[in-house]
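Architecture at a glance
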Amino acid sequence: LKQRQVTESNFPATPARDVMLFLLEHAPLRPWQLDVLSIIRDEAYYFVPQAQTKIMNEGWASYWHSMIMTRHGLEPGDVINYADHNAGTLATSPGRLNPYKLGVEMYRSIEERWNTGRHGRDYEACDDLEAKRTWNTEENKGREKIFEVRRIHNDLTFIDEFLTLEFCQRHKMFSFGYNEDSDAYEIETREFPKIKQRLMFSLTNRGRPSIRVRDANYKNRGELFLEHDFNGVELQTNYARDTLANLVKLWTRPVHIETVLDDVKTVISYDGHEHSVRPEGKAAKK
């Protein structure tokens, strides 16, 4: 099959975020390739809602599993076995986010806050630490509140709205990073804004980089040029190279992606035979 001719001066007219749809509509694919790529894209979209509510789903399941088992489903002799298995499910370790643990503890925190009235303008404005520690208006709307939260939020808004400084302090939430010198994960920061920002970065776009097609006729040679919406997290270069190699198989022409590596705007390319990395200059700060 011949590469489809691209005559527009700016094609696409605006960057296309749905890369697979762009390939389905414009790449020189055989019928069986169109079918396979279409199946992959449909499956990816099918799992988007689940991925967007993973922490909430796992936390909700853990909340009710624990509630049912401890109050209704266990004989005295089963408690130790249940506690052992449940502890394994909720276990956490440095550098690893356990959605079961984070989700269930946030639901419990929300329920406690709305049962005791620890929310709203009066509570936030109170600067008496002892009064806040013993605050209890006996509002008792915790169960009602978690059902409301479950109905209207996704993981990103769940974390943004209900992850508080007090929650991080209580559960000793730190931001971990890998230290190559010590070959271990170490605490990077205990600062609440940075912890929350890092967690929300990991949830934005399901933790995957945001990539767009910027030019399908790069340098007027029918080459594909992609751009990475850099948000402070660099692309993994080994994944980027493998992805470019796969795109070349579909596009049948060289493929490039603009990103940021070590604070330098960089273009990573693959022409079907070898990879290249070309620095473009200092990246602008966002």
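See the structure printed just above.
Residues numbered from 1 in each chain as written. Predicted model: local features only at pLDDT ≥ 70, side-chain atom pairs only at ≥ 80, totals over all residues. Heavy atoms only, no water.

**Describing the pairing of strand E3 (residues 211–218)**
As paired strands, E3 and strand E4 (residues 223–228) are joined by 5 bridges and run antiparallel to one another. Looking at E4, one finds that Arg-212 is bridged to Glu-227. Between E3 and E4, which pair antiparallel in sequence order, lie 4 residues; one of them, Lys-219, sits at a positive phi of approximately 55 degrees. (Pairing = 2+ DSSP bridges. Helix = DSSP H or I, 4+ residues; strand = E, 2+ residues; numbered from the N terminus.)

**Details of the pattern of salt bridges**
Evaluation of the coordinates by the stated rule reveals 14 salt bridges. The residue Glu-148 makes a salt bridge to Lys-145 at a minimum N-O spacing of 3.0 Å. Highlighted residues: Glu-148 and Lys-145, both in helix H9 (residues 142–152), separated by 3 residues, approximately one helical turn. Look at Glu-148 and you get partly exposed, because its relative accessible area is 29%. Exposure remark for Lys-145: the relative accessible area of 14% places this residue in the buried category. Of the charged contacts, one joins Glu-258 and Arg-214 as a salt bridge, the two residues approaching to 3.3 Å between their closest N and O atoms. Placement of the pair is Glu-258 in strand E5 (residues 255–261) and Arg-214 in strand E3, with a sequence separation of 44 residues. Under the relative-accessibility criterion, Arg-214 is labelled partly exposed at 33%. (Salt bridge = Lys/Arg side-chain N within 4 Å of Asp/Glu carboxyl O. Buried < 20%, exposed > 50% of the residue type's maximum accessible area, 1.4 Å probe, protein only.)

**Looking at the packing of aromatic side chains**
One pass over the structure, following the stated rule, counts 14 aromatic pairs. Ring centres of Trp-60 and Tyr-63 lie 6.4 Å apart, and the angle between their planes is 15 degrees; this geometry places the pair in the stacked category. With Trp-60 and Tyr-63 both in helix H4 (residues 54–73), this residue pair falls 3 residues apart, about one helical turn. Summarising the aromatic geometry, the rings of Tyr-123 and Trp-135 are spaced 5.3 Å apart at their centres and angled 80 degrees between planes, so their arrangement reads as edge-to-face. Within this pair, whereas Tyr-123 is found in helix H7 (residues 120–125), its partner Trp-135 is found in the loop between helix H8 (129–133) and H9, the two being separated by 12 residues in sequence. Of the two residues, Tyr-123 and Trp-135, both sit in the buried class. Feature note: the residues Trp-60, Tyr-63, Trp-64, Tyr-107, Trp-114, Phe-147, Phe-158 and Phe-162 constitute an aromatic cluster, connected by ring pairs. Above the plane of the ring of Tyr-123 lies Lys-132, whose end atom (NZ or CZ) is 4.5 Å from the centre. (Phe/Tyr/Trp six-rings, centres within 6.5 Å; stacked < 30°, edge-to-face > 60°. Lys NZ or Arg CZ within 6 Å of the ring centre and 35° of its normal.)

**Some remarks on the pairing of E5**
The buried count for E5 comes to 7 of 7 residues, which makes it a mostly enclosed element. The alternating pattern of E5 places Val-255, Ile-257, Thr-259 and Leu-261 on one face and His-256, Glu-258 and Val-260 on the opposite face, and all of these are buried. Bridge count for E4 against E5 is 4 bridges, and the pairing is parallel. Bridge assignment links Leu-226 to a residue of E5, and that residue is Ile-257. Each parallel crossover has a hand, and for E4 linked through helix H13 (residues 237–251) to E5 it is right-handed. (Right-handed = clockwise from strand over helix to strand, strands pointing away.)

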